[in-house]
Every structure is written in C-alpha cells, then in structure tokens.
Amino acid sequence: MARKPLVAGTLTEPQALRFAWAATALSAVLWALVIVAAPHQPVWAVAVATLCVVASVQYSWGLKISYRGFQEVFLIGLGVGWVLAPYGLLTGELNGFVVVQALLFGFGPMLFGLYSNTNDADGDRAAGRITVAALVPRRLNATFIIAATAAESLLITGSTLAGISPWWFPVVLAPVFLMRVAQLVIGFVMGDILRARRLAIHTHRVTVVILIAANLLAPLLLGAAV
C-alpha cells in the first residue's frame, strides 16, 4: 500500500497531478538533451524516443490506453522502444539481436502486468477497463498467460536457432526459463496470483541483469566458442 501514495492517501490527487506534469516536462527536456548530445541521430531512433515520451503518459491519463484495450501490447511496445531508442542514438544502427533483446525486455512488464490484471479482473470489469483478464473466462485468461510465457521462451530459443542470437543466449537465460515456469505453477496450480506477480517482477529484474552482464562479457563468450 505504501508504494501507491494515492491509494494510501500520502498524496492528494492535485499533488499527484502536479508531480506527473513536472516529471513529464522534465522527461521531455532530458530526452531532448540526450538527442542533441548523442553521437548519432538517426530519424527512426529520434521518432521512437519521441513516441515513447508521448505514449508513456497515455496509459491511465490522456488517451487512457489501459481503458481502451490492447494495454498488453502497449506494455511490451513501450519496453521495446526504451531499448531501441538509446541503442540507435549511441550506435546509429540496428540489428536483429538488439531487436530480440528489446522484445525480451518488453515481455517483462507485459507478463507481470498480466498477473496484476488477473488479480484485478473484477475491479477492472466494474470500472470498464478493458483487459484480457476482464474480458475472458478465468481459464482462457490462464491459457493466454501460458501462451505469452511460451512466446517469450520461443523468442529466446527460436532466435538462436535462426542464427539471429548467439549460441550462449538461451544458456545464460536458463534461470529465466525456470523462473517463468515457477510463476505459472505458483499462479495457476497453487492459485497464488499475487505471489506469482511478485516473482514475475523479480524475473524481469533478473533478465535485465543477465542481459547487461552477458552483453558486457560477450567477447569472452564468443572467444570460448572458437
């Protein structure tokens, strides 16, 4: 509850709105400075960064995307954008492996968001919020989450088999596979959705740490394969 200041009453609605406007303005200024200072300014990277800044405040405000449907696509898309934009500004290029990692980063918020939506389905339905969990029966929603989890695993293994990702990619991400399976067991076998959600958040953090470490150590990993 303490992590939700509006719900806890720590902030009033006007205070929260002032903070949101200030944070949005500061974000726009900082991203503009990043683009100016970046060693490369490809049009696509500038467009993606701009789209992400604009879209980031449309989730529960503005267009209220989370109430219109396709919020699951929004969550993964925003995550993808936040990886591709800085990479493009730093390198001026793009490749398939970077796109795969961007998708993997986007899967994290989307997947733990699905567990949140499952827990909040009744309230979302009453508020007119359109999510998969609020629209379909519980069993079909569980099937959707299982399919989304499997899609993430297929992205990792499939991209490696297709030669887009290096051989070590699924190896270093083995802990993520195991944690995803544990989420499904906890959430849909044991019936503890909130615990599964917490694990999904930790899984996303572990994924990010692994990706950073693996990319930094990639030259050594590639050398080991020679």
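Above this text is the structure in question.
No experiment lies behind these values; they were computed from the predicted model shown.

**A short note on the layout of surface pockets**
Summary: where empty space remains is shown by rolling a probe the size of a single water molecule over the atoms.
In step 1: Considering only enclosed or pocket space, the largest pocket measures out at about 2,000 Å³ in volume.
In step 2: Taken together, 42 residues make up the lining of the largest pocket; nearest its centre are Arg3, Lys4, Tyr59, Ser60 and Arg197.
In step 3: Only helix 1 (5–8), helix 2 (13–37), helix 5 (71–91), helix 6 (96–119), helix 7 (121–127) and helix 12 (193–224) provide two or more residues apiece to the lining of the largest pocket.
In step 4: Residue contributions to the lining of the largest pocket peak at seven residues, all from helix 2.
In step 5: Here the lining of the largest pocket is composed, by residue class, of 23 nonpolar, ten polar and nine charged.
In step 6: What the second largest pocket holds in volume is close to 320 Å³.
In step 7: Taken together, Val83, Pro86, Tyr87, Leu90, Val98, Gln101, Ala102, Phe105, Val208, Leu211, Ile212 and Asn215 make up the lining of the second largest pocket.
In step 8: Of all elements in the fold, only helix 5, helix 6 and helix 12 reach the threshold of two or more residues within the lining of the second largest pocket.

**Points about the packing of aromatic side chains**
In step 1: Enumeration according to the criterion identifies seven aromatic pairs in this entry.
In step 2: Taken together, a centroid distance of 5.3 Å and an interplanar angle of 25° make the contact between Trp31 and Trp82 stacked. You can see Trp31 sitting in helix 2 and its partner Trp82 sitting in helix 5, a full 51 residues away along the chain.
In step 3: A relative accessible area of 19% means that Trp31 is categorised as buried.
In step 4: Using a relative accessible area of 26% as the deciding quantity, one classes Trp82 as partly exposed.
In step 5: Taken together through their ring pairs, the aromatic side chains of Phe97, Trp168 and Phe169 make up a single cluster.
In step 6: Stacked on the ring of Tyr67, the Lys or Arg Arg129 has its end atom at 5.7 Å from the ring centre.

**What about the pattern of salt bridges?**
Side chains that differ in charge, positive against negative, can pair when their charged atoms come close.
In step 1: Applying the stated criterion to the full structure yields three salt bridges.
In step 2: A salt bridge links Arg125 to Asp122; the shortest N-O distance between them is 2.9 Å. With Arg125 and Asp122 both in helix 7, this residue pair falls three residues apart, about one helical turn.
In step 3: The closest approach of N and O atoms between Glu152 and Arg180, which form a salt bridge, is 2.7 Å. One end of the pair, Glu152, is in helix 9 (residues 138–161); the other, Arg180, is in helix 11 (residues 174–189), and 28 residues separate them in sequence.
In step 4: The exposure class of Glu152 is buried, given its relative accessible area of 1%.

Rules used throughout
- Residues numbered from 1 in each chain as written.
- Predicted model: local features only at pLDDT ≥ 70, side-chain atom pairs only at ≥ 80, totals over all residues.
- Heavy atoms only, no water.
- 1 Å grid on protein atoms, 1.4 Å probe; cavity = no way out; pocket = protein on both sides within 12 Å on 5 of 7 lines; lining within 4 Å.
- Points joined across faces, edges and corners; volume = space filled by probe spheres on them.
- Helix = DSSP H or I, 4+ residues; strand = E, 2+ residues; numbered from the N terminus.
- Nonpolar A, V, L, I, M, F, W, Y, C, P; charged D, E, K, R; others polar.
- Phe/Tyr/Trp six-rings, centres within 6.5 Å; stacked < 30°, edge-to-face > 60°.
- Buried < 20%, exposed > 50% of the residue type's maximum accessible area, 1.4 Å probe, protein only.
- Lys NZ or Arg CZ within 6 Å of the ring centre and 35° of its normal.
- Salt bridge = Lys/Arg side-chain N within 4 Å of Asp/Glu carboxyl O.

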